[in-house]
Amino acid sequence: MTRQGALSAGVAAVIDDDLHRALLARFGATFGRDEAPWRAWPLARSSSLPALAPHDIVLAEDEPADDVIARVAAAGATLIATEREGGRWIDTVRSPMGTWVLDSQADSDAPHAPAFVAVLLAARALHFPAHDALCLARAWQGSAETWPADFARFPRVRHAALAAPEQLPPPFAPCPADLGLYAVVPTADWIERLVPLGVPTVQLRFKSPDEAAVRAEVERAARAARGSSSRLFINDHWRVTIDLHRQLGGDSGIYGIHLGQEDLDVADLDAIRASGLRLGVSTHGYAEMLRVAAISPSYLALGAIFPTTTKIMPTAPQGMGRFQAYVKLMQPVMPALVGIGGVNESNLHEVLDVGVGSAAVVRAITEATDVPAAVTRLKAMFER
């Protein structure tokens, strides 16, 4: 059944009411549910809109006027402007979390069909941010029983794109899908302690504005990992890492570089690729995963799964429901996946049961009273 609700100051978008209710009933427990109603308003002209609030989504069939964009932004609402290029929809999503431009196959002549509106509003009520809700609404097909997991149906990212869809770059050097226990630590001293314990994958996340200190720390970590079975990733410091990898030659001890979303915008990805080092990237939802998939990194880190105090996260904890959905979508196209964020000895089994070959831990090791014993127990959980 479809319906079209009305208010004195505007007419709501037509929605597939049965599908919307079914999605909330089916997936509310999996993802969590916002009890406040989300509403969508088609933009024929600015005067047709009601007074807007953060739970409103304005749907435009062309790029709206600047005053409309400003009005939506001032209300903390979301604006989705859709244009057609040949057989594809180009959706520009403007929300308090920023602007994304996504490109997807046009299955019909209606840019905002009742089923699209139903999935879009349900996804927002299930706590997905606007850009991820758009991805789900475009990828949706079939009944409310199956969550979207067909990678080919998901949109491509035009902004902020890392590669042109029509000219994708070569993939980065591959790494095993089973990176195993992945310890993320703040200093080279920790790398020196963990490598002899046989931790399969380690990451140096050293933060300092002092370039000389950074270089010394990265070199010390590299020398500690050199000739060992541990795979060493360096967080963020890609310039010094490439330089030291070249300088140390052969087995430099450095296996790869790990970057966050904000780092991708400034890093020289071609230089990292040419160095032969692996590249791992943190992601926090559908749009970010799709954006990064275009450059074929060595692994994707998915999270934060659980609450974490080790860094400020751009999104709320994803939870196991989202983590499972992300793995189901990405594993067929990118087998090396790492669960991150708040993982410890008490919940590691939940992460591994999803089927990933690696999980990153921080405090489970750095705050352990007996580090060798903690490493032994954590490694054993991967073997089981």
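Residues numbered from 1 in each chain as written. Predicted model: local features only at pLDDT ≥ 70, side-chain atom pairs only at ≥ 80, totals over all residues. Heavy atoms only, no water.

The protein goes by Thiamine phosphate synthase in an unreviewed UniProt entry, where it is assigned to Cupriavidus pauculus. Turning to the protein, the UniProt record has this under Pathway (unreviewed entry): "Cofactor biosynthesis; thiamine diphosphate biosynthesis." (UniProt positions renumbered as here; feature names shortened; annotations may be inferred.)

Participant: Summarise the overall build of the protein; cite the residues concerned and give the values.
Facilitator: On a plain count of helices and strands, the protein comes out with 14 helices and 18 strands. Radius of gyration (C-alpha) of the protein: 23 Å, near the 21 Å computed for a compact globule of 384 residues. Along the longest, intermediate and shortest principal axes, the C-alpha atoms of the protein span 70 × 40 × 35 Å. Burial statistics for the protein: of 384 residues in total, 54% are counted as buried. Here the analysis covers contacts within the protein between residues at least 6 apart in sequence; of these, 56% occur between residues at least 24 apart. Per element, the accessible surface of the protein, about 16300 Å² overall, is 52% carbon and sulfur. Looking at charge distribution, the protein has the averaged site of its 35 positive side-chain charges lying 3 Å from that of its 43 negative ones. (Helix = DSSP H or I, 4+ residues; strand = E, 2+ residues; numbered from the N terminus. Rg over C-alpha atoms; globule rule 2.2 N^0.38 Å. Buried < 20%, exposed > 50% of the residue type's maximum accessible area, 1.4 Å probe, protein only. Contact = heavy atoms within 4.5 Å. Areas by Shrake-Rupley, 256 points an atom, 1.4 Å probe, with all protein chains shown as cover. Lys, Arg positive; Asp, Glu negative; His and termini not counted. Charge placed at Lys NZ, Arg CZ, Asp CG, Glu CD.)

Participant: Quick rundown of the confidence of the model for the protein? Include the residues and the values.
Facilitator: Per-chain confidence: the protein averages 94 in pLDDT, with 95% of residues scoring 70 or above. Below pLDDT 50 for its whole length, residues 4-9 participates in 12 contacts with residues either more than four positions away or in separate chains. (pLDDT = per-residue confidence, 0-100.)

Participant: So what's going on with the domain arrangement of the protein? Which residues, and what values?
Facilitator: When the domains of the protein are assigned, the result is domain 1 (17-158) and domain 2 (180-381). Computed over C-alpha atoms, the centres of domain 1 and domain 2 are 33 Å apart. The interface of domain 1 with domain 2 comprises 18 residues on the first partner and 18 residues on the second. Taken together, both faces of the contact between domain 1 and domain 2 bury some 1400 Å²; the carbon and sulfur share is 74%. Between the two partners, domain 1 and domain 2, sit zero salt bridges. Counting the contacts that link domain 1 with domain 2 gives six residue pairs in polar contact (both at pLDDT 80 or more). Elements with a minimum of two residues in the side of domain 1 that touches domain 2: α1 (17-31) and α4 (130-139). (Domains from an automatic or database assignment. Buried area = accessible area lost by both parts, 1.4 Å probe. Salt bridge = Lys/Arg side-chain N within 4 Å of Asp/Glu carboxyl O. Polar contact = N/O pair within 3.5 Å; in protein donor to acceptor, adjacent residues only side chain to side chain.)

Participant: Explain the pattern of salt bridges to me, using residue names and the numbers behind them.
Facilitator: Inspection of every chain in the model, using the stated rule, returns 20 salt bridges. Salt-bridge contacts for E145 lead to R26; the nearest nitrogen and oxygen are separated by 3.4 Å. With E145 in the loop between α4 and β10 (156-159) and R26 in helix α1, this pair connects stretches of sequence that are 119 residues apart. Residue R26 is classed as partly exposed on the basis of its relative accessible area, which comes to 36%. For the salt bridge of D243 with R215, the shortest nitrogen-to-oxygen distance reads 2.8 Å. Separated by 28 residues along the polypeptide, D243 in helix α7 (residues 238-248) and R215 in helix α6 (residues 211-225) bring together distant segments of the chain. By relative accessible area, R215 is classed as partly exposed at 28%. Connected via shared salt-bridge partners are E85, R88, D103, R156 and R158.

Participant: Now, about helix α10 (residues 286-293): what can you tell me, with residues and values included?
Facilitator: When you tally the buried positions in α10, you get eight out of eight residues, the bulk of the element. Within α10, burial applies to Y286, A287, E288, M289, L290, R291, V292 and A293.

Participant: Break down the sheet that holds strand β8 (residues 88-95) for me, citing the residues and quoting the values.
Facilitator: Reading across the sheet, the six strands line up as β5-β6-β7-β8-β9-β10 and stay open at both edges, with mixed pairing between neighbours. Looking at the sheet topology across the chains shown, the edges are occupied by β5 (39-43) and β10. Neighbour to neighbour, the strand axes of the sheet diverge by 25° on average, direction disregarded. Two elements, β5 and strand β6 (residues 56-60), share five bridges in a ladder whose sense is parallel. Considered in β6, the bridge of P42 is made with L59. Packed onto the sheet, helix α2 (residues 66-74) meets β5, β6, β7 (78-85) and β8 and runs at close to 140° relative to β7. Each of β7, β8 and β9 (98-105) touches α4; the most contacted strand, β8, lies at about 155° to it. (Pairing = 2+ DSSP bridges. Axes fitted to C-alpha atoms, helices over the stretch in contact; angles between N-to-C directions.)

Participant: Can you lay out the packing of aromatic side chains for me, pointing to particular residues and giving the numbers?
Facilitator: One pass over the full model with this rule turns up 13 aromatic pairs. Seen from their ring centres, F27 and F31 are 6.0 Å apart, and the 25° between their planes marks the pair as stacked. Highlighted residues: F27 and F31, both in helix α1, separated by four residues, approximately one helical turn. We note that F27, like F31, is buried. Through pairs of rings, three or more aromatic residues link up here, namely F27, F31, F128, W140, W147, F154, Y286 and Y326. Lying across the ring of W190, R193 places its NZ or CZ 4.3 Å from the centre. Its end group placed over the ring of F128, R322 keeps NZ or CZ at 4.2 Å from the ring centre. (Phe/Tyr/Trp six-rings, centres within 6.5 Å; stacked < 30°, edge-to-face > 60°. Lys NZ or Arg CZ within 6 Å of the ring centre and 35° of its normal.)

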